[in-house]
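Structural overview for review
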Amino acid sequence: MRWQRWNRKAKLWLWVITLIGVVAAMPLGISRMAMEKSSNTIEYVFDHRDIVEVADLRPNPNQFLNEKVDLLKESGVTTMAVYESSLKELMQAGRLTYYNEKDAALLQGKVPDERVNYTYILFNGREEEEKIGPIVREAYGRMEVPVRNWSFDGRPGLIIEESLSAAVLKTLDFDPMTIQELSDKGFYILPRFSDRVVPYDSERTAAQLERLKSYGVSRILFDGEKAKGTSDQSALHSLDSFGELLKQHDIGLIAIENLKKPQQGINKLAYLTNYNVTRLYSLSPEDSIEMTQEGIADRFLLAAKDRNIRMFFLNTMNQGSTDTGLLIHSVDKLATAMSGPSGVIAQLDEAGFPSGLAQAFTYDKPSWEKPVRGIVALGAIAMITLLVSAFIPHISILVFILGLIGSAGLFVLNSSLMEQALALGAAVSGPTLALIWVMNRIYSRTVGERRMVGGEEWTVANAGQEAETRTQWVFPSVSIGRRVGIALNWFIVATCISLTAVPLVFGLLNNITYSLVLEQFRGVSVLHLGPIGLIALYILLYEGNEGRGVIGRIAKLLRQPILVSWIIIAAVVGAIGFYYLSRTGNSGSVTWIELIIRNWLESTFGVRPRFKEFMLGHPPLLLGLFLAIRYRAAWVLIIVGVIGQLTMVSTFTHIHTPLYISIVRTLLGLGAGIIIGTIFIAAWIVLEGAWRKWLAPMIRKYSA
């Protein structure tokens, strides 16, 4: 009995610890909001390789290329992305022409030498030979492929003692002529490094960065699945070397949005460069052709405002059709979409995102942050303990102590994993505890218990028959207005309990790595299903369970025969759950009606509340609370209403979304949800009145 008393008292102290953690998280939130406001400049990048490939299929490639590059500059594109070159790309750029053994022999009017199979290169002029020749010699010499001079018809060239099929696969250094031409036109240069040049050579890389820095390069982007130096990290510590070189030259990195998996090695390089990282959204070539100009502008504005994107990467492609006989591209369309008073650049500038060089967020980690996050972690452990004790009473102290020990051990092994585990636990606990509090207000587990509900003392009376013992409220005559007031009171208190998890989540995940999506909140599916399942389990085990106990209820359920109707219901619930999960995350799909509503909300309020809150969650919960005062079956709506509570918390797990946007989004969702829920209640009152006054008497009359 003493142990039970201690545990009952411990629940009060656990709530106190939780609230202390909530208060401690507030300065962390303020610090994060200041960080998110430290960078607002947007950089617009075009893929130069794409334009070269499009131009290569035009009647006058050089003229086309120059015209389109100038057009993009006039439209507001600030930066051109250039790649490490290859023989194919150098030929497309008009630097050289290459031949295999047979074509070279035909060119010279000779018989092919059957004993060899070499690659022959002719430069397009003396300037190309002076600037591109050293790049070719260096690349093949590094791979121990013999290269010697050759000429034909007065044009200088090279013979590469390797087949053309193998020679075109080699990665060469950046084309200095292209970089100079683009720089002369006023473009910033964004070099795209790959990890294809192995083994890693620190001296060669340092020379590359030195040359690029002379053109004003301030940031690099990786091409492929790996960051430069990743393949040789274990043998040569190449990532450490490359990261140090980037830091020396004050050159930052770029993280690409919505990759299936992050580029390998970028997390380590980000750490080595003190997180001098900017996030980039890439508009695919297909989207650049198929999307409308208004759609592109809306997408870019949403990305900048809601996801802290500070660079936009534009692509194009050749697309041919045998039906029309035309070869189309999207350069002109993109230039039009970017420019003008209603274009992308103007809209983003009006929204507070001027065009220019993208800057990394100012990231300052004060000395007080670490102990404050420790207090937040204690608050999360306390909240998780409260959830466990709601299902298994009298073990609060034990669970809290085990939580402290386990969290400490996990912190030593992997502090990031500990933070994510506690954040997930708190995110699940908040909405679940909120709805458990609601269910405890509605139902009692003790016959004859007297409670204060809505300011009045109501009595729970035995309404069972035979062996089935159930309970229900014996309600006094309550006006409709009073019922609405009680439902709103319960809804507001439950919402406040759910929102206590929010500061714990953003406090634990208050790290630049989450804002840059180098790390992410884990357990999205658990968060979206956990509270629903736990509330359903709580109702199943405890609601109307007088005199039987949890073990008795479980034993009874295990003895129940499995009916076909149960299987059908389980299948329907499973299908609904699958659809519900398909809507979560960045890849979730939405209906066309929701898209219309989303766009209207975005244009009206500037911030779009989440559909799952103001339509699928809050209104059913509010209606369920109203009905629960008279109808026990209202728990079905209350379980559905958990969606709104957990979605509020889920909104704040998107750390890459500015904190103030998440706050406004949640408040709008609550406001809209309460309005729609009130409309649902009004509709129910009208239908219930019609049923009692006309339909029910009519049915009884004809039944008799």
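Every value quoted in this text rests on a predicted model; they were computed, and no experiment measured them. (Residues numbered from 1 in each chain as written. Predicted model: local features only at pLDDT ≥ 70, side-chain atom pairs only at ≥ 80, totals over all residues. Heavy atoms only, no water.)

Quick word on the overall build of the protein
- A count of helices and strands for the protein gives 30 helices and 16 strands.
- A fraction of 76% describes how many contacts in the protein between residues 6 or more apart in sequence connect residues 24 or more apart.
- As presented, the protein carries roughly 33,500 Å² of accessible surface, and 61% of it is formed by carbon and sulfur atoms. (Helix = DSSP H or I, 4+ residues; strand = E, 2+ residues; numbered from the N terminus. Contact = heavy atoms within 4.5 Å. Areas by Shrake-Rupley, 256 points an atom, 1.4 Å probe, with all protein chains shown as cover.)

What to know about the packing of aromatic side chains
- Taken as a whole, this structure holds 11 aromatic pairs when the rule is applied.
- Judged by centre distance (4.2 Å) and plane angle (15°), the ring pair of phenylalanine 300 and phenylalanine 312 falls under stacked. Pair noted here: phenylalanine 300 is in helix α14 (residues 293–306) and phenylalanine 312 is in strand β11 (residues 311–314), with a separation of 12 residues, a long-range link. Grouping residues by exposure puts phenylalanine 300 and phenylalanine 312 together as buried.
- An aromatic cluster is built from Tyr44, Tyr281, Phe300 and Phe312, whose rings are joined through pairwise contacts.
- Against the face of phenylalanine 187 rests lysine 73, its NZ or CZ located 5.2 Å from the ring centre.
- One cation-aromatic arrangement involves arginine 483 over phenylalanine 626; the distance from NZ or CZ to the ring centre is 4.2 Å. (Phe/Tyr/Trp six-rings, centres within 6.5 Å; stacked < 30°, edge-to-face > 60°. Buried < 20%, exposed > 50% of the residue type's maximum accessible area, 1.4 Å probe, protein only. Lys NZ or Arg CZ within 6 Å of the ring centre and 35° of its normal.)

Re the sheet that holds strand β8 (residues 221–222)
- With parallel pairing, the 7 strands of this open sheet are ordered in space as β8-β7-β2-β1-β11-β10-β9. In this open sheet, the two strands that pair with only one neighbour each are β8 and β9 (253–256).
- Bridge count for β9 against strand β10 (residues 277–283) is 4 bridges, and the pairing is parallel. Paired with isoleucine 254 across the bridge in β10 is threonine 278.
- Against the sheet, α14 engages β10 and β11, with an angle of about 160° to β10. (Pairing = 2+ DSSP bridges. Axes fitted to C-alpha atoms, helices over the stretch in contact; angles between N-to-C directions.)

Some thoughts on the pairing of strand β6 (residues 155–160)
- Within β6, 5 of the 6 residues are buried, which leaves it mostly tucked inside the rest of the structure.
- For strand β4 (residues 119–123) and β6, the ladder comprises 4 bridges, and the chain directions are antiparallel. Among the inter-strand pairings, leucine 122 is bridged to a residue of β6, identified as glycine 157.
- Sheet analysis places strand β5 (residues 147–152) next to β6, joined by 6 bridges and oriented antiparallel. Within β6, the residue paired with tryptophan 150 across the bridge is glycine 157.

Considerations on the nonpolar core
- One finds Leu435, Leu625 and Ile638 to be the most contacted residues of the largest nonpolar core, which totals 74 residues.
- A per-element tally of this core places helix α19 (residues 415–442) first, with 14 residues.
- Setting aside residues no more than four positions away along its own chain, isoleucine 638 makes contact with Leu435, Met439, Ile442, Leu621, Gly624, Leu625 and Ala628.
- Grouped together as the second largest cluster of nonpolar side chains are 64 residues, Ile266, Ala270, Val277 and Leu348 included. (Core = buried A, V, L, I, M, F, W, Y, C linked by side-chain atoms within 4.5 Å.)

A closer look at the packing of helix α17 (residues 369–391) against helix α21 (residues 501–508)
- Put simply, α17 and α21 touch, their axes get as near as 9 Å, and they point 135° apart. Regarding the angle of α17 to α21, the classification is oblique. The two elements α17 and α21 meet at a crossing, and its hand is left-handed. Judged by residue contacts, Arg373, Val376, Ala377, Gly379, Ala380 and Met383 of α17 engage Ala501, Pro503, Leu504, Gly507 and Leu508 from α21.
- Each residue belonging to the contact of α17 with α21 can be placed in one class, and the counts come to 8 nonpolar, 2 polar and 1 charged. (Parallel < 35°, antiparallel > 145°, perpendicular 65-115°, else oblique. Left-handed = near helix turned anticlockwise from the far one by under 90°. Nonpolar A, V, L, I, M, F, W, Y, C, P; charged D, E, K, R; others polar.)

Observations concerning the sheet that holds β6
- Spatial ordering of the open sheet is given by β3-β4-β6-β5, a layout of 4 strands whose pairing is antiparallel. Here the strands that pair on one side only, and so sit at the sheet edges, are β3 (96–99) and β5. Going across the sheet, the axis of each strand differs from the next one's by a mean of 25°, ignoring polarity.
- Lying over the sheet, helix α6 (residues 126–142) contacts β3, β4, β5 and β6, oriented at roughly 10° with respect to β6.

Thoughts on the packing of helix α28 (residues 618–628) against helix α29 (residues 635–651)
- One can describe the packing of α28 onto α29 by two numbers: an axis separation of 7 Å at closest approach and a directional angle of 140°. Taken together, the axis directions place α28 and α29 in an arrangement best described as oblique. Where α28 crosses over α29, the two elements pack in a sense that is left-handed. Facing α28, whose interface residues are His618, Pro620, Leu621, Leu623, Gly624, Leu625, Leu627 and Ala628, α29 presents Leu637, Ile638, Val640, Gly641, Gly644, Gln645 and Met648.
- When the residues that make up the contact of α28 with α29 are grouped by side-chain class, the tally is 10 nonpolar, 5 polar and no charged.

With respect to the side chain of serine 416
- Among the structural elements, serine 416 can be located in helix α19.
- Aside from chain neighbours lying at most four places away, what touches serine 416 is Tyr514 and Glu519.

Remarks on α28
- Burial runs high along α28: 11 of the 11 residues are buried.
- All of the buried residues along α28 are His618, Pro619, Pro620, Leu621, Leu622, Leu623, Gly624, Leu625, Phe626, Leu627 and Ala628.

Re the pattern of salt bridges
- Evaluation of the coordinates by the stated rule reveals 22 salt bridges.
- Where arginine 49 meets glutamate 89, a salt bridge forms, and the shortest distance between an N and an O atom there is 2.7 Å. Taken together, the positions of arginine 49 in helix α2 (residues 48–55) and glutamate 89 in helix α4 (residues 87–92) put the pair 40 residues apart, joining distant regions of the chain.
- Arginine 137 serves as the salt-bridge partner of glutamate 129, at 3.4 Å between the closest nitrogen and oxygen.
- Accessibility expressed as a relative area gives 31% for arginine 137, which makes it partly exposed. (Salt bridge = Lys/Arg side-chain N within 4 Å of Asp/Glu carboxyl O.)

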